[in-house]
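Understanding the architecture of this molecule
Residue-level listing of the chains:
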Amino acid sequence: MNSQWEVVIGLEIHAQLATKSKIFSGASTAYGAEPNTQACAVDLGLPGVLPVLNQEAVRMAVKFGLAIEAEIAPYSVFARKNYFYPDLPKGYQISQFELPIVGNGHLDIDVDGVTKRIGVTRAHLEEDAGKSLHEDFHGLTGIDLNRAGTPLLEIVSDPDMRSAKEAVAYMRKLHELVRYLEICDGNMQEGSFRCDANVSVRPRGQAEFGTRAEIKNINSFRFVEKAINHEIERQIDLIESGGKVVQETRLYDANKDETRSMRGKEEANDYRYFPDPDLLPVEITEAFKDEVRVTLPELPDAKKRRFIEQYGQDDESAATLTSSRQLADYYEALVDASGGEAKICTNWVTGDVLGALNKAGLEIGQCPVDAERLAGLLKRIADDTISGKIAKQVFEAMWQGQETADQIIESQGLKQITDTGAIEAIIDKIITDNPGQVEQYLSGKDKVFGFFVGQVMKEMQGKANPAEVNKILKTKLKR
Amino acid sequence: MSLTTEDVNKIAHLARLGVDIQDVDTYARDLSGILDLVTQMSGLSTEGVAPMAHPMEQCQRLRPDRVTESNMREKFQAIAPQVELGLYLVPKVIE
């Protein structure tokens, strides 16, 4: 990136709140229903209907505010944001403008080992719009209003990010947080977590911001980084070739990897906000805040610090294991149930479990091997019933079926052989069969030792206790 | 405060209202009159007065998060001009 230029990025993130019903009506918010089967008279904006605010949406907004140490407005107001679009039947979106429910807060991100604090300007409650389908309706547009009225928390950051990488780190952190708080399912494919990015560049050292462009609806972490980087390049090229950035909304096209100007939303800035007369101001009492505060889980940063301290993890493992609440819970359940060393549990979860999940394209919540079954396996490694190598084989079998580690070890005869007599017999045979290698070893070629271990293991199908094999081999080869 | 005919046309456009050309001057005069009436308030000192968000001095009552509505698509769509595959059809808004 051209170092003469400094990049300034602010993000607006829309998180769909995980309520059962809509923000102002009793219609269901469940995803994937037949079109318009979850759009009631209120969502359709039929005459005479009145919005009634969902308590859970308010609770979730407050929960988020407390988690980012923000000011919670004791008094907040809903406003009408006026614009015409067919997926907005009322002709206005109920949102918050001057008095949002959540004020100044912050979130810490880690980029390349450096922690940076990103300010959150505000977070406000609003309703989602419906969906427009532009294909295949003989020149008409199809409207599905199931999504209309789904509660959103729009989280607006300060323009504190200075690279696409920081923007992605912030977005990930926020994504992790809303899932920890269980206020949003974070499903980006289904649009539960969406991001708009405000991007501008300015000559390094200049105090005032450059003109910004807004990139709309970026629906994956990868695209955010690409879209922002593309936009930075476009703006720098434009300015360096004597042009000027105009304030506009741009759409990222992932297929072409470019942003392009969005036409059509004319006079987009004239929303004529005014307080919605259908809704009274919302009062948040200290008692309500206290009630919500006790429901806050241990937050990601705190959990990570605890994992480092309590389980002796390095920064990277702790970050991985606390990246979702479910994964952290899985890990701790495993430590508890296995009664073994935290370090071994760390290695198994960050290595084998996450590796297998990744390969299968599954989330930790869908893991076929639960913590208790895995603990059963780790216990058999700890008490030397099986070797670490055989354990991988058992894990594989556990992944495929329902059996416990003990059942698999039993049925497949994987129990480690610690009977020195049996091991000795094999070793004697191998020494006799390989006089050449014995000669080499005795003449000082230590590496050949590995050959003998390998032969013994092969002969015993990996079931020999490795420590025992080493010990006996060493003694026998000395002669 | 006086509104120009341009202001009136812009407001009409934002509200998607069709205003006859010969009525624009009348609207400009009438709307300006309303604004002048309200402008009198600017002469008052409002120091220490909190902006009023709603004339009722009450706060919003909250509703428990329960699904209370059932599917009434058929009834709603019976009065819609055009529907297909459960969708409301409208004139195309983008090319």
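All of these numbers come straight from a predicted model, not from anything done at the bench.

Thresholds, definitions, all that
- Residues numbered from 1 in each chain as written.
- Chains lettered and ligands numbered in written order.
- Predicted model: local features only at pLDDT ≥ 70, side-chain atom pairs only at ≥ 80, totals over all residues.
- Heavy atoms only, no water.
- Helix = DSSP H or I, 4+ residues; strand = E, 2+ residues; numbered from the N terminus.
- Rg over C-alpha atoms; globule rule 2.2 N^0.38 Å.
- Buried < 20%, exposed > 50% of the residue type's maximum accessible area, 1.4 Å probe, protein only.
- Contact = heavy atoms within 4.5 Å.
- Areas by Shrake-Rupley, 256 points an atom, 1.4 Å probe, with all protein chains shown as cover.
- Lys, Arg positive; Asp, Glu negative; His and termini not counted.
- Charge placed at Lys NZ, Arg CZ, Asp CG, Glu CD.
- Domains from an automatic or database assignment.
- Pairing = 2+ DSSP bridges.
- Right-handed = clockwise from strand over helix to strand, strands pointing away.
- Salt bridge = Lys/Arg side-chain N within 4 Å of Asp/Glu carboxyl O.
- Buried area = accessible area lost by both parts, 1.4 Å probe.
- Polar contact = N/O pair within 3.5 Å; in protein donor to acceptor, adjacent residues only side chain to side chain.
- Nonpolar A, V, L, I, M, F, W, Y, C, P; charged D, E, K, R; others polar.
- Phe/Tyr/Trp six-rings, centres within 6.5 Å; stacked < 30°, edge-to-face > 60°.
- Lys NZ or Arg CZ within 6 Å of the ring centre and 35° of its normal.

Our next topic: the overall build of chain A. When helices and strands are counted, chain A shows 16 helices and 15 strands. Compactness check: chain A gives a C-alpha radius of gyration of 30 Å against a globular reference of 23 Å for 479 residues, more than 25% above the reference. Classification of the 479 residues of chain A by burial places 52% in the buried group. Once local pairs closer than 6 in sequence are excluded, the contacts in chain A between residues at least 24 apart make up 68%. Entry remark: accessible area of chain A is about 22,700 Å², with carbon and sulfur atoms responsible for 49%. In chain A, 57 side chains carry a positive charge and 75 a negative one; their mean positions are 4 Å apart.

With that settled, consider the domain arrangement of chain A. Domain boundaries in chain A define domain 1 (5-291), domain 2 (300-411) and domain 3 (420-476). Between the C-alpha centres of domain 1 of chain A and domain 3 of chain A the distance comes to 66 Å.

Our focus in this paragraph is the pairing of strand β12 (residues 248-253) of chain A. Residues and elements named next belong to chain A. With 4 bridges joining them, strand β11 (residues 213-218) and β12 adopt parallel strand pairing. From the neighbouring strand, E214 faces β12, where its bridge partner is T249. This β-α-β element, β11 to helix α4 (residues 221-240) to β12, shows left-handed connectivity. With 4 bridges joining them, β12 and strand β13 (residues 258-261) adopt antiparallel strand pairing. If you follow L251 over to β13, its bridge partner there is R260. The antiparallel hairpin formed by β12 and β13 contains 4 residues in its connecting segment, where D257 sits at a positive phi of about 50°.

Time to look at the pattern of salt bridges. Residue and element names in this part refer to chain A. All chains considered together, the criterion is met by 37 salt bridges over all chains. Salt-bridge contacts for D112 lead to K165; the nearest nitrogen and oxygen are separated by 3.1 Å. Of this pair, D112 sits in the loop between β5 (105-111) and β6 (114-127) while K165 sits in helix α3 (residues 164-180), placing them 53 residues apart in sequence. With a relative accessible area of 42%, K165 lands in the partly exposed category. Between D128 and R147 there is a salt bridge, and its shortest N-O distance comes to 3.4 Å. Note that D128 is positioned in the loop between β6 and β7 (131-133) and R147 in the loop between β8 (140-144) and β9 (151-157), a separation of 19 residues in sequence.

Moving on, we get to the interface of chain B and chain A. Between chain B and chain A, the contact holds 37 residues from the first and 54 residues from the second. When chain B packs against chain A, the two sides together hide about 4,000 Å² of surface, and 60% of this comes from carbon and sulfur. It is Q60, R63 and D65 of chain B that lose the most area in chain B upon contact with chain A, and together they represent 19% of the buried surface on that side. Summed over the shared surface of chain B and chain A, the result is 21 residue pairs in polar contact (both at pLDDT 80 or more). Elements with a contribution of two residues or more to the side of chain B that touches chain A: α1 (5-14), α3 (73-78) and β2 (87-91) of chain B. At 5 residues, the largest contribution of residues to the side of chain B that touches chain A is made by β2 of chain B. Counted by class, the side of chain B that touches chain A contains 17 nonpolar, 9 polar and 11 charged residues. Both β8 of chain A and β2 of chain B contribute to a ladder of 4 bridges, which runs antiparallel.

What follows concerns the packing of aromatic side chains. Residues and elements named next belong to chain A. This model, assessed by the stated rule, comprises 12 aromatic pairs over all chains. Ring centres of F24 and F78 lie 5.5 Å apart, and the angle between their planes is 80°; this geometry places the pair in the edge-to-face category. One end of the pair, F24, is in the loop between β1 (5-16) and α1 (41-44); the other, F78, is in strand β3 (residues 78-82), and 54 residues separate them in sequence. Here F24 falls in the buried class, since its relative accessible area comes to 4%. Taking the relative accessible area as the measure of exposure, F78 reaches 1% and is therefore buried. Three or more aromatic residues joined by ring pairs form one cluster here, namely Y83, F97, Y271 and Y273. A cation over an aromatic ring shows up here: K90 above the ring of Y92, its NZ or CZ 5.2 Å from the ring centre.

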